[in-house]
Amino acid sequence: MSKNLRVKTSKFIDETYRVSFKFNGTKYFGYKGDTLASALLANDIHLVGRSFKYHRPRGIMTSGSEEPNAIVQLHNNSDRTEPNVRATEVEIYEGLEASSQNCWPSVNFDIGGINNLLSPLLPAGFYYKTFMWPASFWEKYEYFIRKSAGLGKSPTTPDPDIYEHEYIHCDVLIVGAGISGIMAAKTAAKNGLKTLLVDEKPNLGGSTVYQNSEHFKINNQNSGSWLEKEINEIKKIDNLDIRIRTSVAAFHGYNFLLARENLTDHLPIEKRKNKTRQKLLKIRAKKVITATGSLERPLIFDNNDRPGILLSSAIKRYADLFGVACGEKNIFLTNNDSAYETAISLIQKGIKVEAIVDNREEIESKLLYEVEKNNIKVFKGFTIVNTNGYKKINKVSLMKLSKDGQKVIGSKINLSCDCLGVSGGWTPAVHLFTQSGGKLKFREEDQVFIPNKYSSEQISIGACNGDLTLEDIIENTPKYLKEFLNVKKTDYDNVEVFSSENKSKRNIWLLPSDKILGKTKSFVDYQNDATAKDIKLALREGFRSIEHVKRYTTTGMGTDQGKLGNMHALGIISETAGTKMGEHGTTTFRPPYTPLTFGTIVGRNVGEYFDVFRRTPMHEWHQKNKAEFENVGQWKRAWYYPKNNENMFEAVQRESKAARESAGILDASTLGKIDIQGTDASEFLNRVYTNAWSKLAVGKCRYGLMLNEDGMVYDDGVTTRLGENHYIMTTTTGGAANVLGKLEDYLQTEWPELDVYLTSVTDHFATISVCGPNSKKIISNVIPDLDLSDENFPHMSFKNTKIGKINCRIMRISFTGEHSYEINIQANYANSVWEKCMEIGKDFNITPYGTETMHLLRAEKGFIIVGQDTDATMTPIDLQMDWIVSKKKYDFIGKRSLYRSDTIKDDRKQLVGLLTDNPNEILEEGAQIVADVNKSPIEMLGHVTSSYYSPNLKKSIALGVVRGGKNMMGKKLIIPMENKTINVTVADPVFLDKENKRLNA
Amino acid sequence: MFIINCPFCGEREQSEFKAGGEAHIERPRQPTELSDDEWAEYLFMRKNIKGIQFERWNHIHGCRKWFNMVRDTSNDEIKAIYKMGEKPPVK
């Protein structure tokens, strides 16, 4: 049975409410209000995990989000499992199950621990140095490295929880509800500003609220009780929105911040049902006040990572807030007054303090006197050189520091203990400030980085601004607030403060040892096992930039982002390199401040809402008729319609044959449609297309090719002249939005003098294409009143007509080379017209075909698909489409580029047809084309862009781009594949009906 | 994320806008009379300054209007916004 280290009733813990939970399979009890860490410590459990590289036993080190060691997996093997969760932040609830990570078979006996013994062989950059050679072996190494890397296990089943996004606009956002944040919130809200106060913890008040000491007083009350009254007051203010369990992840420019609000993580699983688990708050604040406090620094000495070694401030929080003793024989190692504060707290609660080891030689401090009054031995000018105890600390060894602090002298003193609190002073939490683009400055006297230049309407107040004592906070905060919020007075202008703390500090980044550095394990980054030795090695090997040292040693690259050790890494670098601290800057603090789940990031955009798609009016018909769909841009398009277990190839062969032999029907609604009106519409088309438009008669259609200014093909489609000043342009499905944008750009910026209006009507009209030798018969039955004779309705013309009572536009245009009609009809009538075509077409075996058959049919005719046969490096000349480029027009978009020195070269890649020697061999799209496989290196001439088996020609056909292909007609080329080479002959890209006889058949 | 004051709609989130590159590069009136080098200058050469930059922006998910912006690229501060065709403000 483990010990109970709950020492004192705390008002923050509900001891009438017992909570059971499991850790590594064993059942324990805690109280409501406990974190997993405090409950484990109350059960005398320090060992919670293993370190990343050496698999050293590690314990709880902090009491907050900066925790590097105590990261656990929650609810392993369930759909709610979550890796890398900080035990110091998890609030326990009935049924909580947590387990250790990065250890096998168990945290107490971990095979990987062998790495600890091998550690002399595993220096910084070990993986880079060892596994780089021979290069071809990397694939084999990688498997094992990846397997041994990584911390927790990610879930393998869908997340059952609900996540949301919430937009918040406020006058003032205050990040952090410690003493300065509370003061700021009250001042802002009482002045009528819409205020939002967020804090990552479940309770307000930071570290002051549990301060219960005669040594820290505000207006003659204990600072904790004073703050509690303030908190109770602000809770009543209407225009103050308080969000607890809310961690700001990112602080972007223009005061845009992202925060995660935890709503259900503290509840038993069965009470979470149908509730939103977490919200991503997207906050836009006119002003931001950062009051994120500070993080206590550890100290860097040999074996400073054992379970039972905690930050001194964490020990105080566990004692004061949770009523838990972290040990029964406590020793402290400090270089400032903070550890004495903790010691006094412990003494008050009857927890034994063995000794305090202070780096400082001469100390003038009321706190020290109080400690000494209690007969606690203080070792002044001493440091700890080593610790013992594999799974928990049981002994420390101290030695006297030399005057310059660079060496240890005298003999070793050994003291036994079961807990060591360390305090290396405080680091302002400037992470969010720097994320926002703020610039830091280095304050020499206590070796901290503090905010210097702000990038937006914001200030930092309190400890994160370098006001590290209660006195400084109470004195400075009201001044800052008045100026920033532009108010005349605050409630805190005449507050009296009493504090016994002395600011003196003896900062030594790497404490000296009696051993040589190479024999020590002084951890700087606990989670990633980066030691002082590793950093010095990186410097010896020539790394200078902090960013490089970070990546080489992995310092600061764990899930905790080096919140504890980064400053020490900087200190050791500057000491070793002989440069001034501050000159190196800091590493970049990147969002998120604490890890976010993917669920929070995506919010409700999951499942069918992850990437919404567009459907045509006939979508349901396609579904009913068993179509397979393909994504084209945002659209779902019918791809092919398999019948009787056909595979795609078989379905496409049948559809293609039917379209040429009798009739096919295609849903072409996704084509972009732009309505163009205005007296300059013809002139406008002249400028945007390569061919001439002025002479196109009303009622006629014309194919157009659109270029970019660089001369490369951008889009294509048929445009119809509906009236004197009225056109309808069709674009490719994927290009529709961009074409509209490009046309608007030219109209607004280059040619504002043109009288032209553009309207996207893609969604308003559905398009049904009926093609094939029997299409005329079908359409004559669908629209009996329309004269379909070639004289009245020739190829490339259009008619306004009616199907029943429904107006429609019908064009005689063809993308298949067959006699063909495109019916454009108001979208909500489209399905009925489609069904009518199907009904009437039954006698002619009308066959619905999808995009794949459409591609095959147009390839037989050598028609290009922009984006498949072109790739932004193809001019119309490269495509052998010289006929569409007007020689007469003075200018059009891209014209000048068509005769740049580069675009007129003969050896550009040009579009050609390719025929395989073996007519049954189908080429792979994307396959490389070469002329000589024996040349070294093999010269790549181009690649296959489209390839199909044509059922109408009974042979394989392909289009491809080949360097100088235009002049290679009839030449033999080679397509080398993995296991074979395929011989092809360059051919005309038009494979079928070169004379266009079928158009009028 | 910026807040952009569209000259037609007022302040809106950056996500409603599309950046359109450097401003005040006029398409040559007579491209066919330019040498390859002159045309290339128009076609390809763009500034990428750390500091004050004149840019085109489009309120693509709003009024779809193009306008000009003066932005300090070192800190994303928007110095001025003005309509197409208007003269850029003097520094």
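Residues numbered from 1 in each chain as written. Chains lettered and ligands numbered in written order. Predicted model: local features only at pLDDT ≥ 70, side-chain atom pairs only at ≥ 80, totals over all residues. Heavy atoms only, no water.

1. Things to note about the interface of chain B and chain A
Rules: Whether two residues touch is decided by their heavy atoms; if any such pair falls within 4.5 Å, the residues are in contact. Buried area is understood as the total, over both parts, of accessible area removed when two parts are fitted together, assessed with a 1.4 Å probe. What makes a salt bridge here is a side-chain nitrogen of Lys or Arg within 4 Å of a carboxyl oxygen of Asp or Glu, nothing more. Polar contacts, as counted here, are pairs of nitrogen or oxygen atoms within 3.5 Å of one another; within protein the pair requires one atom able to donate a hydrogen and one able to accept it, and residues that are adjacent in sequence qualify only if both atoms are side-chain atoms.
At the junction of the two partners, chain B supplies 27 residues and chain A supplies 29 residues. Across the chain B to chain A interface the summed buried area is about 2,400 Å²; carbon plus sulfur atoms make up 44%. Joining chain B to chain A, the criterion identifies six salt bridges. A salt bridge links A:Glu709 to B:Arg27; the nearest nitrogen and oxygen atoms lie 2.2 Å apart. For the pair chain B and chain A, the number of links is 20 residue pairs in polar contact (both at pLDDT 80 or more).

2. So, the pairing of strand E32 (residues 628-632) of chain A
All names here are of chain A. So the rule is basically this: Here the rule is simple: two strands pair whenever DSSP picks up at least two bridges between them. Secondary structure counts use DSSP, requiring at least four H or I residues in a row for a helix and at least two E residues in a row for a strand, with both numbered from the N terminus.
As judged from the five bridges shared by E32 and strand E33 (residues 635-640), these two strands associate in the antiparallel manner. In the sheet register, Asn631 faces E33, and the bridge partner there is Lys636. If you look at the hairpin formed by E32 and E33, you'll find two residues sitting between the two strands, and Gly633 has a positive phi there, around 60°.

3. Side note on the side chain of A:Lys521
Residue and element names in this part refer to chain A. Here is the rule: Residue burial is assigned from relative accessible area. The probe radius is 1.4 Å, only protein chains are included, and a residue is buried under 20% of its type maximum, exposed over 50%, and partly exposed in between. This count recognises Lys and Arg as positive and Asp and Glu as negative, with His and chain-terminal groups excluded.
The residue Lys521 is located in the loop between strand E29 (497-499) and strand E30 (523-525) in this model. Despite its burial, Lys521 pairs with no opposite charge, the nearest such side chain being Asp302 at 7.1 Å. The contact partners of Lys521, leaving out residues within four places of it in the chain, are Arg56, Asn116, Ser119, Phe301, Asp302, Asn303 and Asn304.

4. Observations concerning the environment of A:Glu354
All names here are of chain A. Relative to the helices and strands, Glu354 is located in strand E19 (residues 353-358). Note on Glu354: relative accessible area 27%, which makes it partly exposed. Through-space distance from the C-alpha of Glu354 to that of Thr246 is 38 Å; in sequence the pair is 108 residues apart. If we ignore the near neighbours within four places in the chain, the residues touching Glu354 are Lys329, Asn330, Ile331, Ile376, Lys377 and Ser416. Of note is the side chain of Glu354, whose polar atom sits 3.0 Å from the side chain of Lys352.

5. A look at the pattern of salt bridges
Residue and element names in this part refer to chain A. Per the stated rule, a full pass over the model turns up 66 salt bridges over all chains. The residue Lys515 makes a salt bridge to Asp302 at a minimum N-O spacing of 2.6 Å. Of this pair, Lys515 sits in the loop between E29 and E30 while Asp302 is found in the loop between strand E16 (294-296) and strand E17 (309-311), placing the two residues 213 residues apart along the sequence. Take Lys515: its relative accessible area is 32%, and that puts it in the partly exposed class. Ionic contacts of the salt-bridge type, sharing partners, join the residues Glu166, Asp241, Arg243, Glu261 and Lys279 into one network.

6. A closer look at the packing of aromatic side chains
Formally: Two rings belonging to Phe, Tyr or Trp (six-membered ring only in the last case) form a pair when the distance between their centres is within 6.5 Å. Interplanar angles under 30 degrees mark stacking, angles over 60 mark edge-to-face geometry, and anything in between is tilted. In this scheme, Lys NZ or Arg CZ marks a charge over a ring once it lies within 6 Å of the ring centre and within 35 degrees of the ring normal.
Under the criterion given, the structure shown has 22 aromatic pairs over all chains. Their ring planes at 35° and their centres at 5.4 Å tell us that A:Tyr254 and B:Phe2 sit as a pair that is tilted. Taken together, the positions of A:Tyr254 in the loop between strand E13 (246-252) and strand E14 (256-262) and B:Phe2 in the segment before strand E1 (3-6) put the pair across two chains. The exposure class assigned to A:Tyr254 is partly exposed, which follows from its relative accessible area of 25%. Residue classification places B:Phe2 among the buried residues on the basis of a relative accessible area of 8%. The interplanar angle of 55° and the centroid separation of 6.0 Å between the aromatic rings of B:Phe2 and B:Trp57 together place this pair among those described as tilted. On the criterion of sequence distance, the pair formed by B:Phe2 in the segment before E1 and B:Trp57 in strand E4 (residues 52-58) is long-range, its members being 55 residues apart. Taking the ring centre of A:Phe523 as reference, the NZ or CZ of A:Arg58 above it sits at 4.6 Å. One cation-aromatic arrangement involves A:Lys636 over A:Phe613; the distance from NZ or CZ to the ring centre is 5.1 Å.

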